[in-house]
Amino acid sequence: MAGTMNFFRAQDEARGRTTKLVVLLVLAVVVLVGSLYVAAVLAHHKFSRGREIDWFQGDVFFWTAGLALVIILGGSLQRIAELSKGGGAVAVRLGGRLVNGTTRDLAERRYLNVVQEMALASGLPVPLCFVIDGDETINAFAAGNTPQDAAVGVTRGALRNLSRDELQGVIAHEFSHIGNGDMRLNLRIIGTVAGLTALAQFGYILIRVGFNSGSSRKNHTWPLAVAGLVVVLVGLGGVFFARVIQASVSRQREYLADASAVQFTRNPLGLASALRKVAGLAGAQREASSAELEAQHMFFAGPAGFLEALFSSHPPIADRIRRIDPAFDGHIPDVTPVTVADDEPVAGLSGRAAAVPPPLPGSRPLPTDLQIQDSVGFRGAIPGALREASEDPVGAMAVVLGLILRRDPAQRAAQLAQAELLAGGEVIREARRLDSLLGAVPAGSRVALLDLSMPALRQLSPSQVAAFRTALERAGYEAEDGLIVLLIQASMRRYLSTDKNPPSRAGDLAAASGLVLSAVVQTSGEDAAAQGRAYALGAGVLGMPGLPASMVPAAQVDLAKVDEALAVIAGQTVPSRRKFVRAIGTAMLHDGRAEPAEVEIVRAVADSLGISFATGIKA
């Protein structure tokens, strides 16, 4: 079986791959600019009929280097700007069709359920789901800038030919790309590829202009066509570098993603079987679009063929299978479509739902990152009616609103009145219909419900988002509501915000960290002495000068001040926020156990800070 993946370390490795990408891009640009300059100098020498070649011509270098840089950087920045709209925009560009929660296609319904399960298991928001119709190969991708705007997509061939376990393995692989920082790197690679290939495209334009000019002007325009040919030849070097960059930056992360898929599903045979079917359908290739060629490194499997394998962004499939299943004998079975039955949604991945957080040794040293990761997976159950409601924009707003309603009937009525105008009153009617179900949601399931609601909330228009945010702010929270309601509010502010980072403010970081850490440990059902030990363990992880030596007394933990303290922590760097998340995870496991209510609080704090706790990723 593949080893367990440490997402905290994988995030650091993702940054290392970004550095490698930058180095390769600079090298490619230097070579291309140098080649274009040499061609320009030789052409100038030929036309000037000089005896010796002057290799140091400042004006020629200025114009050739400037032209090349404008074309390369312009093409790259233009493509990155197109992709900055989020994973949904990338999925549409790749030919994807959005799958709504109301779909009656059994294969698509199963696909949505598997994605929801994977999100619950990994502690990530549920992404938008797309299908590439008409593609009978087995493939999938994940795209986006952050987990909050992520999208996953699968081909029709994947839905038709993969069993549930196999599809689960493929989706788990894509979730690892969401979780370990690969998505943003993938978009940068697409921008790099677009920039490096733009020079060849510019050369083709010059050739067409030169040959398509009127006959009376041919004697004056043929040099333009020749120049275009030279630019194309130099630009082909850019195409070569683009393929090299895709291969060198992307290959190793596929092994990591396979390993993490096994970690999440606890079922290596499902992923190995899916890879065997990919190999079995290698002959079912189709002509890829230019968008797919730019983004081939984003897909679950690369194209087949000798040249593709030479510059492939993916390791050989046989090697990937052997790393997961050492007993693989090389046999590739025939692939036949599977029968898809009516798929009943379940709360979480079967492997993780049955798993128990790993016990800590008796001496109770600090828990490792892997122990913390494995302890925060969702293992509860969510009623089917609430899952169905969360898939519709109106129902999703009702679910979120219902989670922050107060227990007192009069106060609940007042809160609902603040949202009376949402969707013409439909949200309030739905919230009242779901009231009893939402009131019975146990501790540990509320944040999971927020994650399930995200795809539907992302379909709201800007005006609907603004109205929903206003309704949530008016509903507010009070001390008796508990920390979780405050955290739900904070999480929704982040989800519904167009800003890149969580809302932040200046303040005393040490005092803010001590207050939030105290509030978190005090949500457990343990006595004050045990809470004090948990606080001390978390404070030790922070190791912050000025941090309160002991837990802030419960009577002094005011929710409004906790909200302000969270904003102070949110203003710190990503490594600092990750360190704080580690500290609260360590405090949670001070006794070797993770109660559902503790897990929920820890995940909600991390979410409000823009950190996905299960994977330690950055915002």
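Summary of the structure given here.

### Section: the sheet that holds strand β1 (residues 97–98)
Part 1 of the argument: The strand order β1-β2-β4-β3 describes an open sheet built from 4 strands, whose pairing is mixed. What marks the edges here is a single partner per strand, and that holds for β1 and β3 (140–143).
Part 2 of the argument: Two strands pair when backbone bridges link them, and β1 and strand β2 (residues 128–132) are joined in this way by 2 bridges, in the antiparallel orientation. Across the sheet, residue Arg-97 finds its bridge partner in β2, namely Val-131.
Part 3 of the argument: Sitting on the sheet, helix α6 (residues 164–179) is in contact with β3 and β4 (151–155), with an inclination near 25° to β3.

### Some thoughts on the environment of Asp-325
Part 1 of the argument: Within the fold, Asp-325 resides in the loop between α12 (317–324) and α13 (350–354).
Part 2 of the argument: Note: C-alpha distance between Asp-325 and Ser-273 (52 residues apart in sequence) is 9.4 Å.
Part 3 of the argument: What Asp-325 contacts, discounting residues up to four positions off in sequence, is Leu-269, Ala-272 and Arg-276.

### Digging into the pairing of β2
Part 1 of the argument: Where burial is concerned, most of β2 is hidden: 5 out of the 5 residues are buried.
Part 2 of the argument: The alternating pattern of β2 places Leu-128, Phe-130 and Ile-132 on one face and Cys-129 and Val-131 on the opposite face, and all of these are buried.

### Let's talk about the pairing of β3
Part 1 of the argument: Where burial is concerned, the two faces of β3 agree: the one with Ala-140 and Ala-142 and the one with Phe-141 and Ala-143 are both buried.
Part 2 of the argument: Summarising the sheet, β3 and β4 pair through 4 bridges and their orientation is antiparallel. Counted as the bridge partner of Ala-143 is Ala-151 from β4.

### Looking at the nonpolar core
Part 1 of the argument: Counting 131 residues, the largest nonpolar core has Tyr-111 and Met-492 as the members making the most contacts within it.
Part 2 of the argument: Per-element accounting of this core gives the leading share, 9 residues, to helix α4 (residues 106–122).
Part 3 of the argument: Once residues lying within four places of it in the same chain are set aside, the contact partners of Met-492 are Val-400, Leu-450, Leu-457, Phe-468 and Leu-472.
Part 4 of the argument: One finds Ala-28, Val-29, Leu-36 and Phe-241 within the second-largest nonpolar core, a separate group that totals 21 residues.

### Considerations on the packing of aromatic side chains
Part 1 of the argument: Inspection of the entire model under this criterion finds 1 aromatic pair.
Part 2 of the argument: When the ring centre of Phe-300 is taken as reference, the NZ or CZ atom of Arg-320 above it lies at 5.0 Å.

### Here we look at the packing of helix α26 (residues 574–588) against helix α27 (residues 596–608)
Part 1 of the argument: Look at α26 against α27: their axes get within 10 Å of each other, and the N-to-C directions meet at 175°. Looking at the two axes, α26 sits roughly antiparallel to α27. Residue-level inspection shows Phe-580, Val-581, Ile-584, Gly-585 and Met-588 of α26 in contact with α27, the latter providing Glu-598, Val-599, Val-602, Val-605 and Ala-606.
Part 2 of the argument: Taken together, the residues that form the contact of α26 with α27 break down as 8 nonpolar, 1 polar and 1 charged.

### Points about the pattern of salt bridges
Part 1 of the argument: What the rule picks out here adds up to 18 salt bridges.
Part 2 of the argument: Arg-433 is the partner of Glu-430 in a salt bridge, and the nearest nitrogen-oxygen pair spans 2.6 Å. Taken together, the residues Glu-430 and Arg-433, both in helix α18 (residues 426–433) and 3 residues apart, mark about one turn of the helix.
Part 3 of the argument: Asp-591 serves as the salt-bridge partner of Arg-593, at 3.1 Å between the closest nitrogen and oxygen.
Part 4 of the argument: When its relative accessible area of 14% is taken as the criterion, Asp-591 is described as buried.
Part 5 of the argument: Bridged by salt links that share partners, the residues Arg-97, Asp-105, Glu-108, Asp-133 and Arg-156 form one connected network.

### Some details on the packing of helix α23 (residues 509–521) against α26
Part 1 of the argument: Look at α23 against α26: their axes get within 10 Å of each other, and the N-to-C directions meet at 30°. When the axes of α23 and α26 are compared, the crossing they make is right-handed. Note on element contacts: α26 touches α23 through Phe-580, Ile-584 and Ala-587, opposite Ser-513, Val-516, Leu-517, Val-520 and Val-521.
Part 2 of the argument: Of the residues in the contact of α23 with α26, the class split is 7 nonpolar, 1 polar and no charged.

Cut-offs used in this document
Residues numbered from 1 in each chain as written. Predicted model: local features only at pLDDT ≥ 70, side-chain atom pairs only at ≥ 80, totals over all residues. Heavy atoms only, no water. Pairing = 2+ DSSP bridges. Helix = DSSP H or I, 4+ residues; strand = E, 2+ residues; numbered from the N terminus. Contact = heavy atoms within 4.5 Å. Axes fitted to C-alpha atoms, helices over the stretch in contact; angles between N-to-C directions. Buried < 20%, exposed > 50% of the residue type's maximum accessible area, 1.4 Å probe, protein only. Core = buried A, V, L, I, M, F, W, Y, C linked by side-chain atoms within 4.5 Å. Phe/Tyr/Trp six-rings, centres within 6.5 Å; stacked < 30°, edge-to-face > 60°. Lys NZ or Arg CZ within 6 Å of the ring centre and 35° of its normal. Parallel < 35°, antiparallel > 145°, perpendicular 65-115°, else oblique. Nonpolar A, V, L, I, M, F, W, Y, C, P; charged D, E, K, R; others polar. Salt bridge = Lys/Arg side-chain N within 4 Å of Asp/Glu carboxyl O. Left-handed = near helix turned anticlockwise from the far one by under 90°.

As far as function goes, none of this settles anything; it's purely spatial.
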